[in-house]
Amino acid sequence: MNISIQGRSLRLPPLRLWGVIGAGALLSGCASFTAQPLSADDIKTQVQADRQTLARDVAPVSGPVPLEEAIARAIKYNAGQRLRAMEEAVAQGTYDVSTFDMLPKLVASAGYRYRDKDLITRSTDSVTGQPSLAHPYISTDRDYTQSALTLSWSLLDFGQSYYAARQNADRVRIAAERRRKAIYTLVQDVRTAYWRVVASQALESSLRSARDQAEKALADARKAEAEQLRSPLEPLRYQRQLLENVRLLEAIQEELSASRIELASLMGLPPGMDTQNLRVVEPAFNPRPQWLEQPVEDLEARALMLNPDLRESLYNARIAQEETKRVLLRMFPGLSFNYSLNKSNDSYLINDHWREAGVQVSFNLLSLLSAPQQWKLAKDGVSLADQKRLATQMAVLAQLHIARLQFGNAMNQYQRADEIAGVDQRIARHVDNQVRAQKQAGLEQVSQQAGAILSSLRRYQALSNMQAAAARLQATLGLEPTIDGSDAMPLPELTAAVARGLSQWESGKLP
């Protein structure tokens, strides 16, 4: 394509080059933009989509939920647990991708070249040093395309990729250990919330009856005050004691009111679900002192073998050791092999198809300056990982002894609270009988009912604390219910697996 400007004839690039230039200009124009804030409709749409995602594939609750099902639902549906599972999947994917870095590189390339004037060159006689008498010659077309298929492999890159893949494999195991830790934390939270729901469910009728009786006695006291049949101070003191009892009952009800919402959230039930209809099954429970009778040496050996924090520190130490090998590998020269198939449509080429092969050795001499510091940094990383491992080991042993002591204390507190609750229940029955025989006033009945309810609440609280202490001891020993493939496992099978894990713990024996 030629045009004439001021008497000069110019050849313009072919249309395909104009297409490339136009595309480049379009992309460069699109590179400048102004970020737009999220609109209210965008946020609303995303929130609704997230709510649907959270509720997707969640099995509905068909009846009272036993403890093993509550734990299984938390493992399968809890959003935080799903996040840990996704982190583990991403770590596995990173490892899978890194294994491909060890393969040779096979690169297919194609290019187009254009120049507005011919590439014209002269030559010089190699003997006389004078310019050649021949006319200048043209050796390439003004525009041509060239394509190549190149296979290259670098020994240094292979070594770096090999040790990086080993590190990524350990990071997969670290993600699995973190997921184990998240599971036992989740199980501990579920146990605590579950027993709070058990307490709320067991005390709700007693709370309702006691409040009704307190309100009735309070109305009678106000009526007696209005009639002025007695001294004004007597009905006022009576009312104050009744109001104190009512406040105590309201405080108990307030403490237990959010338990169902907390348990439903841990179980991954859909947001907005009516949690007031959530019912649980109070499990039969007997204190298991067998764990306190186990030899401490056996418990320590078990904790050091299976504790997730310590296992994670061991993997981190191994990653640091692999990093020293990568640093050492960088100090060697790079050795690469290349082989390519080439093709060009340049009309001046006699052989427009050719093969190339080569071997190249390269070494960055300036890298020797930083090599001592890199090696020192890698060794310091190993020392740091070793120190973290030692600190974690001491922390695990301390955690084991503290968890064992807390479990024993919680068991004693539960037994004492259970005895006090039993005595208060018997006193409340005697007071009820005396009120029916008109030998006791209604205030005494309300006060004793409030005391009995409070004792029952403290009993359930002590039971919940003992369950939490047992969960901490169980997690420290690495005996939490870890089920492989829990994401794809149906809920009934997962519930049965959790039940087996709980029964193994309740047996009080190390596996």
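Here is what the cut-offs are and how they apply
- Residues numbered from 1 in each chain as written.
- Predicted model: local features only at pLDDT ≥ 70, side-chain atom pairs only at ≥ 80, totals over all residues.
- Heavy atoms only, no water.
- Helix = DSSP H or I, 4+ residues; strand = E, 2+ residues; numbered from the N terminus.
- Contact = heavy atoms within 4.5 Å.
- Areas by Shrake-Rupley, 256 points an atom, 1.4 Å probe, with all protein chains shown as cover.
- Pairing = 2+ DSSP bridges.
- Patch = residues over 30% accessible without salt bridge, like charges linked within 9 Å, V, L, I, M, F, W, Y side chains within 5 Å.
- Salt bridge = Lys/Arg side-chain N within 4 Å of Asp/Glu carboxyl O.
- Buried < 20%, exposed > 50% of the residue type's maximum accessible area, 1.4 Å probe, protein only.
- Phe/Tyr/Trp six-rings, centres within 6.5 Å; stacked < 30°, edge-to-face > 60°.
- Lys NZ or Arg CZ within 6 Å of the ring centre and 35° of its normal.
- Axes fitted to C-alpha atoms, helices over the stretch in contact; angles between N-to-C directions.
- Core = buried A, V, L, I, M, F, W, Y, C linked by side-chain atoms within 4.5 Å.
- Parallel < 35°, antiparallel > 145°, perpendicular 65-115°, else oblique.
- Left-handed = near helix turned anticlockwise from the far one by under 90°.
- Nonpolar A, V, L, I, M, F, W, Y, C, P; charged D, E, K, R; others polar.
- Polar contact = N/O pair within 3.5 Å; in protein donor to acceptor, adjacent residues only side chain to side chain.
- Expected span 1.5 Å × (residues − 1).
- pLDDT = per-residue confidence, 0-100.

Description of the overall build of the protein
Thought 1: For the protein, the helix and strand inventory stands at 13 helices and eight strands.
Thought 2: Sequence separation of 24 or more characterises 82% of the internal contacts of the protein that already satisfy a separation of 6 or more.
Thought 3: On the protein, roughly 31100 Å² of surface is accessible, and the fraction owed to carbon and sulfur atoms is 56%.

Brief notes about the pairing of strand E6 (residues 143-154)
Thought 1: The pairing of strand E3 (residues 105-114) with E6 spans ten bridges and is classified as antiparallel. Bridging across to E6, Lys105 finds its partner in Ser152.

Structural notes on a nonpolar patch on the surface
Thought 1: Together, Leu106, Leu149, Leu151, Tyr339 and Leu341 make up a nonpolar patch on the protein surface, roughly 450 Å² of accessible area in all.
Thought 2: Secondary structure elements with two or more residues in the nonpolar patch: E6 and strand E7 (334-344).
Thought 3: Positionally, Leu151 belongs in strand E6.
Thought 4: Classification of Leu151 by relative accessible area gives partly exposed; the value is 40%.

Looking at the packing of aromatic side chains
Thought 1: Under the criterion given, the structure shown has four aromatic pairs.
Thought 2: Here Trp153 and Phe158 contribute two aromatic rings whose centre-to-centre distance is 5.8 Å and whose plane-to-plane angle is 50 degrees, an arrangement assigned as tilted.
Thought 3: Given the relative accessible area of 31%, Phe158 is considered partly exposed.
Thought 4: Ring geometry for Tyr162 and Tyr163: centres 5.2 Å apart, planes at 70 degrees, overall edge-to-face.
Thought 5: Relative accessible area serves as the criterion here: at 33%, Tyr162 is assigned to the partly exposed category.
Thought 6: An aromatic cluster is present here, built from Trp153, Phe158, Tyr162, Tyr163 and Phe337 joined pairwise through their rings.
Thought 7: Above the ring of Tyr460, the side-chain terminus of Arg459 is found at 5.3 Å from the ring centroid.

Brief notes about the sheet that holds E7
Thought 1: Taken in spatial order, the four strands make up an open sheet running E3-E6-E7-E8, and their pairing is antiparallel. A single partner strand is all that each edge strand has here, and the edge strands are E3 and strand E8 (353-362). The mean inter-strand angle of the sheet, taken between neighbouring strand axes irrespective of direction, is 20 degrees.
Thought 2: In the sheet, E6 pairs with E7 via nine bridges, with the strands oriented antiparallel. By the bridge assignment for E7, Gln146 is matched with Ser344.

Concerning the side chain of Thr495
Thought 1: When you line up the elements, Thr495 lands in helix H13 (residues 491-506).
Thought 2: Discounting chain neighbours no more than four positions away, the residues touching Thr495 are Glu68, Glu69 and Ala72.

Considering the environment of Ala74
Thought 1: One can find Ala74 in helix H3 (residues 67-77).
Thought 2: Since its relative accessible area comes to 0%, Ala74 is described here as buried.
Thought 3: Through-space distance from the C-alpha of Ala74 to that of Ser265 is 8.6 Å; in sequence the pair is 191 residues apart.

Some remarks on the nonpolar core
Taken as a class, soluble globular proteins show a tendency for nonpolar side chains to be buried jointly.
Thought 1: With 63 residues, the main nonpolar core has Ile71, Val190, Leu263, Trp291, Phe407, Leu473 and Leu477 as its most contacted residues.
Thought 2: Mapped by element, the contributors of at least two residues to this core are H3, helix H5 (155-227), helix H6 (233-257), helix H7 (259-266), helix H9 (296-306), helix H11 (367-436), helix H12 (442-476) and H13.
Thought 3: Examining the composition of this core, we find that 13 residues originate from one element, H5, more than from any other.

Notes on the packing of H3 against H13
Thought 1: Relative orientation of the contacting elements H3 and H13 amounts to 120 degrees, with a least axis distance of 8 Å. In terms of their interaxial angle, H3 and H13 are classed as oblique. Handedness of the crossing formed by H3 with H13: right-handed. Seen from H3, the contacting residues are Leu67, Glu68, Glu69, Ile71, Ala72, Arg73, Ile75, Lys76 and Tyr77; seen from H13, they are Leu491, Leu494, Thr495, Val498, Ala499 and Leu502.
Thought 2: Broken down by class, the residue content of the contact of H3 with H13 amounts to ten nonpolar, one polar and four charged.

Some thoughts on the pattern of salt bridges
Thought 1: Applying the stated criterion across every chain yields a total of 17 salt bridges.
Thought 2: We note a salt bridge from Glu177 to Arg311, for which the minimum N-O separation is 3.0 Å. In this pair, Glu177 sits in helix H5 while Arg311 sits in helix H10 (residues 308-330), placing the two residues 134 residues apart along the sequence.
Thought 3: According to the relative accessible area criterion, Glu177 is buried, its value standing at 6%.
Thought 4: The closest approach of N and O atoms between Arg330 and Glu323, which form a salt bridge, is 3.5 Å.

Re the environment of Tyr414
Thought 1: Take Tyr414: it is sitting in helix H11.
Thought 2: For Tyr414, a relative accessible area of 6% translates into the label buried.
Thought 3: A sequence separation of 49 residues divides Tyr414 from Leu463, and the C-alpha atoms of the two residues are 5.7 Å apart.
Thought 4: A distance of 3.4 Å separates a polar atom in the side chain of Tyr414 from a polar atom in the side chain of Arg459.

Here we look at H10
Thought 1: Taking 1.5 Å of rise per residue, 23 residues should cover 33 Å, and H10 covers 33 Å from first to last C-alpha, within 8% of that figure.
Thought 2: Between the side-chain oxygen at the start of H10 and the backbone nitrogen of Asp309 there is a gap of 3.0 Å, and the oxygen is on Asn307.

Regarding the confidence of the model for the protein
Thought 1: Of the residues in the protein, 84% reach a pLDDT of 70 or more, and the chain-wide mean stands at 78.
Thought 2: The low-confidence segment residues 1-10 (pLDDT under 50) makes twelve contacts with residues lying over four places distant or belonging to another chain.

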